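These are the residues of each chain, in order.
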Amino acid sequence: MTIEMKDTTAARVTSALLGHHHELGNAGSGMVHTFIVATDRDDYWEAYNAALAANREHPSRILIVIRDPEAPDGLDASIHTETEARGDVIVLTMRGRTVEHPGSVLRPLLVADLPVVVWWPNEAPEDLLTDRIGKLANRRITDALGAVNPTQAIIDRAYYHSAGDTDLAWTRTTTWRALLAAALDQVRQPVTAATVEAATDNAPASLLAAWLGLRLGVEVTVIQTAGPGITAARLQTPAGVVEIVRTGLEDTVYRMPGQPERKVALRRRNVDELITEELRRMDDDVVLAEVLAEMVRQNGQCALDLSRRGATTV
Amino acid sequence: MTQDSAVVAPPQDVSRYLNPLRDERDRRLPRIAGPSVLVMFGVTGDLARKKLMPAVYDLANRGLLPPGFAFVGFARRDWVDQDFAQVVGEAVREHARTPYREEVWQQLLAGIRFVQGEFTDDEAFDRLKTTLEDLDRTQGTGGNHAFYLSVPPKFFEVVIDQLKKHGLAEQSDTSWKRVVIEKPFGHDLTSAQQLERVVSSAFQENQVFRIDHYLGKETVQNLLALRFANTMFEPLWNNNYLSHVQITMAEDIGIGGRAGYYDGVGAARDVIQNHLLQLFALTAMEEPTGMGADALRAEKEKVLEATSATRRFDQHTARGIYDGGWSGGELVKGYLEEDGIPADSTTETYAAIRVDVHNRRWAGVPFYLRTGKRMPTRVTEIALQFKQLPFVPFNAHDTSTLGANALVLRIQPEEGVTLRFGAKVPGTQMEVRDVNMDFEYGSSFTESSPEAYERLILDVLLGDPPLFPRSTEVEESWRILDPVLDYWAGLKTQPESYRPGTWGPKSAREMLARDGVAWRRP
C-alpha cells in the first residue's frame, strides 16, 4: 500500500509517517542516515531501486525528491509502505515555487541528529555546497555519467569540490585502481610511463589518469577507443609492462612482466553497488579531493572559481 | 638506459619498495591477495563444499582474489582434475552467495587441480610438490602456498610431517607458506601442547592460522567498536555496575551426522574452549593500545591468564544430554539413540561453567558460559546483566515487574545490540516495566559484504592474522577448562538428561539459583 497525499505539507507528511510507524508498532528506529535522492525526471526508477538496494546494507529514511517547476505551486507526497526497505521510503514531488524552497519540505523530515546524504543521479547543481538541497547534507554524491555532458560535469566537480562531495565516476574507477595497485605490489618497480585507454570523454578515465599522474609522478597518456568506458590501463616499468585490457564486456586480460597472461573478472558494476560503496563512508574522500585538484591544475586556473570563492583563497 | 639501471638495482631497494598507488587514506582500495595457491586437504567434507569452495568463488567474484590464484584439492578419492573441478563447480552453484558468472568461474577453473593420495603416501606428496611447482610456472602463483587442513585433528600430525618432509613448508624471502588449522586444537592442555610441537616443528607462529569458524572477524570488530569507540558503555563495564555476564551459544539442531567427531568431544571442548572463551576474552579484556595483532592478543592473553573456572565444580558447573522427544514441532531422537553413539556414552551435549576473573575490574562479577544442542533456538549472545537498583523511589507495586537492566550484544542469528531498561506503562497508573530497545545495522549477510569465511580465507592469503588465536590463547583456554573436564570425567556417570527444545538440564538452573540469579531467555 502507498499513502498518497496530494497538495500536502511537510507537517502532514510527518504526522502520516508517525501514524504509519505507530500502526506497525515500531518507532522507525535503527536508521543510520537520511538519504535524499534529488532528481528532476519522471524516470527515477533506477535511482529509486538503487536507493532501496543500498538500504539493505544501510537502513535509512529515503526521500526521493522530484522537482516540477512548471506545475502549479504545491507539494505531493507518497509514503511507500510495502517496500522491502528497512526504513521509510517517501517520494516528494515539489511543484512550482516549492522547488525553490526544498529545505522547507525536507528539514522536518530528516532523521534526528544522523548524517544526511544527498544523491543527484542525473544533473547536479554546479556548486553542491551552496545548493538548496546540498547544504542540508553532510555527504553529497553526484554522477557525472548521469549528466547530459559528463566531461563538463566532472570539471564542475573538480572546480567546486568541497569536503564530503564524491562522484560515482570516481567509484567506477575503484576496481581498476585496486588491480593496478595489486599489480605494483608484485612488480615492485618504479613506473616510468602510464597509459589509459577509454571511450571518448569518459569521466572515470579522466579521474583514473589524474590519479595515476598524481601518484606516480609521470605523464599519463589518454588514448581514445570505442569503449565502453575504460578499456585498458598500462604501466611501463623497467621490468616490462603491466597491462590490464578489457577484451570484451566480461573478459579482461591481465599481463605482468615475467608472468603468464591471465584472465581476471573485471565487471562493470551497476549503480546499486556503486551507491552501496559510497554510503559506507561519511567522511571526506581526501584522495579524490587531491585528484580533482590535480585535474584543476592540469586544466589551468579558472578565474570564475577564484572570484566566487572570495578573497581568502587568493 | 633507465632499463639497465633498474635491473641492477640492489635487492634491498626492492624490499623497501613503497607502492606509490597505495595510500592509507585511500580506504576504497580493497586489499587484493597476492598470487597464491590454496591447497585443501579434505575436500569431501560438508564444510569444504558448503563454505570453503563457495567462499573462494565469492572472493573471486568480488575481485578480491589475485589474477594468479590456484586451488588444489588433496584427497584419497580416485579423481582427476576435472572431477574435482566438477565438485567445486556444483558447490559453487549451489552455495555461493554472489551470482554465478561464467567468466569468473572460467578464471577459477584455469587454476583448479587435484592430487590423489593417502596422507601417508610419499609419492602423493611428491606429486603435490610437482603440481605446485607447475602452477607457480603456468599460473604465476609465485611460490605462495596456503595449506588448509580441513581434516579430522588426528590427521594434523601426519599431514604437517609430510609437508615438512617434502620441503613444502619452507619459505624463502620472496614466497610464503602458511598453514590453516581448524578447531579443535587438541582435546586438553597436554594434547594442545603436543599439537603445538608438531605444528611449530614445521611452521613458525606467524605462518599458522587457527580458525574458529564460529567467530567471524565482523563479530570481533563489532564488539571492539561497541566497547572502544563509545564513551557511554566502558564506564559501566565493571563490577561497580554489573552483577554478572552470561555468554550463550545455543543450537537448535542435534549432532546430525557428526557422531564420529562429536562423541568423546562434547559441548565444552567443541564450543566453550574456543568460541565462548574467545568471546569472553573480548568482552572482559582491557582496552588494547591499538587494533593490531599483537596489541589485541596481548590483552586477550592477559585476561585469560587472570581467569579460572570457579570451584566447587559440583555447584558451579552443569552438563546435560538431550533426550528424544518433540523439538520445534518434530519428533527427534535422543543423543544416545543417534546413529553411531554408544548407549553408555558420557559425552555432554550441554555444558555450562562459571568462570571468575581475578582482577580489579571484574572481581565479584561471575561470567557464566553455556552452550547446548537441541535448544529452543539458534542464538549466540553476550548479556551484561546490571545490578539491581540499590534504591527504588517508587512503591513496591509500581515496580513489581521491573528487572535489572541488561545490555545484550547479539551475535547470531543477526548481529546487533539490545538494551533492556525500565519504562513507564502508558496510563494513569504509575507502573514501570522492562522494555527492549534494539539496534541492528543492516544485515551482515548482504550480497555486497563478504561473509565470515571469505574474510578468513582472505586474511590467510593476505597474511593478516590479528583475530586468529595464538597458541598461548589456546593453551590458556585449556588451562581454564581442563579442571572441569577432569572433574566430569571423574564422575563416571552420564550427564543429566534434558528435554529437546528446552534450555538445558535442571542442574543448570540450580547452578545460577545458588548465586541468586537466573539464566536469561535469549
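Right, let's walk through the structure included here. All figures in this text were calculated on a predicted structure; none of them were measured in a lab. (Residues numbered from 1 in each chain as written. Chains lettered and ligands numbered in written order. Predicted model: local features only at pLDDT ≥ 70, side-chain atom pairs only at ≥ 80, totals over all residues. Heavy atoms only, no water.)

With that settled, the discussion passes to empty space enclosed by the protein. Residues and elements named next belong to chain B. According to the stated counting rule, one finds five cavities of 30 Å³ or more in the structure shown. The space that makes up the largest cavity amounts to roughly 100 Å³. What lines the largest cavity is Asp-212, Leu-215, Gly-216, Lys-217, Val-220, Gln-278, Leu-456, Asp-459, Leu-467, Phe-468 and Pro-469. Of all elements in the fold, only helix H9 (217-228) and helix H14 (452-462) reach the threshold of two or more residues within the lining of the largest cavity. Here the second largest cavity defines a volume of roughly 70 Å³. Lining the second largest cavity are Ile-181, Phe-185, Ala-192, Leu-195, Glu-196, Val-199, Val-208, Arg-210, Ser-471, Val-474 and Glu-475. Taken together, the elements giving at least two residues each to the lining of the second largest cavity come down to helix H8 (189-202), strand S6 (208-211) and helix H15 (471-491). Classifying every residue of the lining of the second largest cavity gives seven nonpolar, one polar and three charged. (1 Å grid on protein atoms, 1.4 Å probe; cavity = no way out; pocket = protein on both sides within 12 Å on 5 of 7 lines; lining within 4 Å. Points joined across faces, edges and corners; volume = space filled by probe spheres on them. Helix = DSSP H or I, 4+ residues; strand = E, 2+ residues; numbered from the N terminus. Nonpolar A, V, L, I, M, F, W, Y, C, P; charged D, E, K, R; others polar.)

What follows deals with unusual backbone geometry. The step from Lys183(B) to Pro184(B) runs through a cis peptide bond, and the omega angle for that step is 5°. Its place among the elements puts Pro184(B) in the loop between strand S5 (177-182) and H8. Looking along the chain, the bond that leaves Arg311(B) and enters Arg312(B) is cis, with omega of 5°. Its place among the elements puts Arg312(B) in the loop between strand S8 (307-309) and helix H13 (313-316). Phi is positive for Asp201(A), close to 55°, though the residue is something other than glycine. Inspection of the secondary structure assignment puts Asp201(A) in the loop between strand S9 (193-199) and helix H7 (203-216). Judged by its relative accessible area of 52%, Asp201(A) falls in the exposed class. (Buried < 20%, exposed > 50% of the residue type's maximum accessible area, 1.4 Å probe, protein only.)

This part covers the environment of Asp167(A). All names here are of chain A. Here Asp-167 is to be found in strand S8 (residues 165-167). Of the residues examined, Asp-167 reaches a relative accessible area of 4% and is grouped as buried. Through-space distance from the C-alpha of Asp-167 to that of Ala-198 is 18 Å; in sequence the pair is 31 residues apart. With sequence-adjacent residues up to four places away left out, Asp-167 is seen in contact with Thr-142, Asp-143, Ala-144, Ile-154, Arg-157 and Leu-288. Within polar-contact distance, the side chain of Asp-167 engages the side chain of Thr-142 at 2.6 Å. (Contact = heavy atoms within 4.5 Å. Polar contact = N/O pair within 3.5 Å; in protein donor to acceptor, adjacent residues only side chain to side chain.)

Right, let's talk about the packing of helix H7 (residues 156-165) of chain B against H8(B) for a bit. How two helices pack is summed up by the angle between their axes together with the distance between the axes. Residue and element names in this part refer to chain B. Running from N to C, H7 and H8 cross one another at 15°; their axes reach a closest spacing of 9 Å. Between H7 and H8, the crossing angle belongs to the class labelled roughly parallel. The interaxial crossing formed by H7 with H8 has left-handed handedness. Mapping the contact onto sequence places Phe-156, Glu-157, Ile-160, Asp-161 and Lys-164 in H7 and Gln-194, Leu-195, Val-198, Val-199, Ser-201 and Ala-202 in H8. Of the residues belonging to the contact of H7 with H8, the class tally is six nonpolar, two polar and three charged. (Axes fitted to C-alpha atoms, helices over the stretch in contact; angles between N-to-C directions. Parallel < 35°, antiparallel > 145°, perpendicular 65-115°, else oblique. Left-handed = near helix turned anticlockwise from the far one by under 90°.)

Tallied over the full model, the rule gives 50 salt bridges over all chains. Of the charged contacts, one joins Arg255(A) and Glu261(A) as a salt bridge, the two residues approaching to 2.8 Å between their closest N and O atoms. In this structure Arg255(A) comes out as partly exposed when scored by relative accessible area, which is 30%. Glu234(B) is the partner of Arg227(B) in a salt bridge, and the nearest nitrogen-oxygen pair spans 3.0 Å. With respect to class, Arg227(B) is no different from Glu234(B); both count as buried. Three or more residues joined by partner-sharing salt bridges are found here, namely Arg139(A), Arg269(A), Glu277(A), Glu278(A), Asp285(A) and Arg28(B). (Salt bridge = Lys/Arg side-chain N within 4 Å of Asp/Glu carboxyl O.)

Time to look at helix H5 (residues 102-109) of chain B. Residues Glu103(B), Val104(B), Trp105(B), Gln107(B) and Leu108(B) constitute the buried set of H5(B). Each element contacted by the buried residues of H5(B) is listed here: strand S14 (262-264) of chain A together with helix H3 (46-61), strand S2 (69-75), helix H4 (81-95) and strand S3 (112-116) of chain B.

Okay, the sheet that holds S2(B) next. Residues and elements named next belong to chain B. A sheet is described by the order of its strands in space; here six strands give the open sequence S3-S2-S1-S4-S5-S6, paired in parallel fashion. In the strand order of this sheet, the two ends are held by S3 and S6, each with one partner. The mean angle between the axes of side-by-side strands here comes to 20°, regardless of whether they run parallel or antiparallel. The sheet contact formed by strand S1 (residues 36-41) and strand S4 (residues 145-149) spans five bridges and is parallel. Bridge pairing links Val-39 to Phe-147 in S4. (Pairing = 2+ DSSP bridges.)

Residues and elements named next belong to chain A. In space, the eight strands of this open sheet follow the order S1-S4-S5-S3-S2-S6-S7-S8, with mixed pairing throughout. One side of each edge strand has no neighbouring strand; the edge strands of this open sheet are strand S1 (2-5) and S8. For this sheet the average axis-to-axis angle between neighbouring strands, irrespective of direction, equals 15°. In the sheet, strand S2 (residues 33-39) pairs with strand S3 (residues 60-68) via seven bridges, with the strands oriented parallel. Opposite Ala-38, over in S3, you have Val-65 as the bridge partner.

Here we come to the interface of chain B and chain A. On the side of chain A, 50 residues touch chain B, which itself brings 39 residues to the contact. Taking both sides of the interface into account, the surface hidden between chain B and chain A amounts to around 3,800 Å²; carbon and sulfur atoms contribute 54%. Among the residues of chain B in contact with chain A, Leu21(B), Arg28(B) and Pro67(B) are the three that bury the most area, contributing 21% of the side total. Between Arg25(B) and Glu290(A) there is a salt bridge; the shortest N-O distance is 2.8 Å. Inspection of the region where chain B meets chain A yields 13 residue pairs in polar contact (both at pLDDT 80 or more). Looking at the side of chain B that touches chain A, the elements with two or more residues in it are helix H1 (2-7), helix H2 (11-15), H5, helix H6 (122-138) and strand S17 (432-439) of chain B. The leading source of residues in the side of chain B that touches chain A is H5(B), at three residues. Tallied by class, the residues present in the side of chain B that touches chain A amount to 14 nonpolar, 14 polar and 11 charged. (Buried area = accessible area lost by both parts, 1.4 Å probe.)

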